[in-house]
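# Close look at the chain arrangement
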Amino acid sequence: MKTAPPFATGEHPSRPADFAKQDEAALLSLLDEVERRHGFVPRDISEELTRLVEIKLERLRRIQGKLDTTLRRDVQKHVAQWRDEEGNLIMILHAIQNQHGYVPREVAMELSRELGVKLARIYEVITFYHYFKLQPPAQHDVTVCNGTACYLKGAGDLIGELRNRLGVAEGQTTPDRHCHLGVVRCIGCCGMAPALVVDGKTYGRVKPSDIGGILDTLKKPEAKR
Ligand code: FES
């Protein structure tokens, strides 16, 4: 029996973690096949495998090293710009969030080292201000207005429909980070109530039956090929 080569199913993973899982599954199935044939894994094969894994690990270490250097350089650049300013921690966090869309943990750790400020203090500031995010932003943003006019015209039904379809509550992001569901008070177009905004585009006089079509316009980030 032939062992299926990696990715032979046509389902190509798009995230590093998926690659790793498929690589691992392919490798294990290859080893199973070798064991079936020989009754054990011959030494030359296991040695060759060890050699290949070591080469791969070495490459990963080099990539990680480059990433670490880039990250440190970025943080040093932000710190250098704001070092002598009052309230510099907040300004630096703004710069970091502008760069990444959120404050990644490894960046916060590097900032703590660079500024000589405790990591706990950095997280205190991040969590105090609503503006800062600890998770990468979703690919799409759906914001429903629940101000008085929209509320009276049925914004609650729109929120309910979105909750059902996205499977998340207000203020939450779908687990695949495809969509964030937000609720705000008045977006300034009460004449079009109930209204919602999707990635900056405003939809007015929306009915719950429109929600499916609106969501269909948002493409999945990792559509399988
Ligand atoms: S209340 Fe919804 S736009 Fe004003």
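As the structure is a computational prediction, the values presented were derived from the model and not from experiment.

## Quick notes on the overall build of the protein
- Scanning the protein from N- to C-terminus turns up eight helices and four strands.
- Mapped from its N terminus to its C terminus, the protein presents α and β elements in the order α-α-α-α-α-β-α-α-β-β-β-α.
- Among the 225 residues that make up the protein, the fraction classed as buried is 14%.
- Within the protein, contacts between residues separated by at least 24 positions form 58% of all contacts whose residues are at least 6 apart in sequence.

## Examining the nonpolar core
- Core analysis: the biggest nonpolar cluster contains 16 residues, and Val-144, Cys-145, Ala-155, Leu-158, Leu-162, Ala-195 and Leu-196 have the highest contact counts within it.
- Mapped by element, the contributors of at least two residues to this core are strand E1 (140-145), helix H7 (155-166) and strand E2 (179-184).
- In terms of residues, this core owes the most to one element, H7, which gives four residues.
- Setting aside its immediate chain neighbours within four residues, Leu-162 contacts Val-142, Val-144, Leu-181 and Ile-211.
- Val-75, Leu-93, Ile-96 and Ile-126 belong to the second-largest nonpolar core, a separate cluster that totals nine residues.

## Section: the pairing of E1
- Taken together, the six bridges between E1 and E2 define a ladder with parallel strand orientation. Bridge pairing in E2 places Thr-143 opposite Gly-182.
- With three bridges connecting them, E1 and strand E3 (residues 196-198) associate as antiparallel partners. Residue pairing in the sheet places Val-144 in a bridge with Leu-196 of E3.

## A short note on the packing of helix H4 (residues 105-115) against helix H5 (residues 119-128)
- Across the interface, H4 lies against H5 with an axial gap of 9 Å and an inter-helix angle of 125°. If you check the angle between H4 and H5, you find them oblique. Note that H4 runs across H5; the crossing there is right-handed. Taken together, the residues of H5 that come into contact with H4 (itself represented by Ala-108, Met-109, Leu-111 and Ser-112) are Leu-119, Ile-122 and Tyr-123.

## Overview of helix H3 (residues 88-100)
- Between its first and last C-alpha atoms H3 spans 18 Å; for 13 residues at 1.5 Å apiece the expected length is 18 Å, and the two agree.
- Downstream of H3 by a residue or two, Gly-101 has a phi angle that is positive, lying close to 90°.

## A few points about the environment of Gln-139
- Here Gln-139 lies in the loop between H5 and E1.
- Expressed as a C-alpha distance, the spacing of Gln-139 and His-180, which sit 41 residues apart in the sequence, is 7.9 Å.

## Some points on the sheet that holds E1
- Taken together, the four strands give an open sheet; going across it, the order is E2-E1-E3-E4, and neighbouring strands pair in mixed fashion. Since the sheet does not close on itself, it has two edges, and those belong to E2 and strand E4 (201-203), each with one partner. With direction set aside, neighbouring strand axes in the sheet form an average angle of 20°.
- Where H7 meets the sheet, its contacts fall on E1, E2 and E3, and the angle it forms with E1 comes to roughly 155°.

Rules of the game
- Residues numbered from 1 in each chain as written.
- Predicted model: local features only at pLDDT ≥ 70, side-chain atom pairs only at ≥ 80, totals over all residues.
- Helix = DSSP H or I, 4+ residues; strand = E, 2+ residues; numbered from the N terminus.
- Buried ≥ 20, exposed ≤ 12 C-beta atoms within 10 Å, placed from the backbone.
- Contact = placed C-beta atoms within 7 Å.
- Core = buried A, V, L, I, M, F, W, Y, C linked by C-beta atoms within 7 Å.
- Pairing = 2+ DSSP bridges.
- Axes fitted to C-alpha atoms, helices over the stretch in contact; angles between N-to-C directions.
- Parallel < 35°, antiparallel > 145°, perpendicular 65-115°, else oblique.
- Left-handed = near helix turned anticlockwise from the far one by under 90°.
- Expected span 1.5 Å × (residues − 1).

Take it as geometry only, folks, not as evidence of what the structure does.
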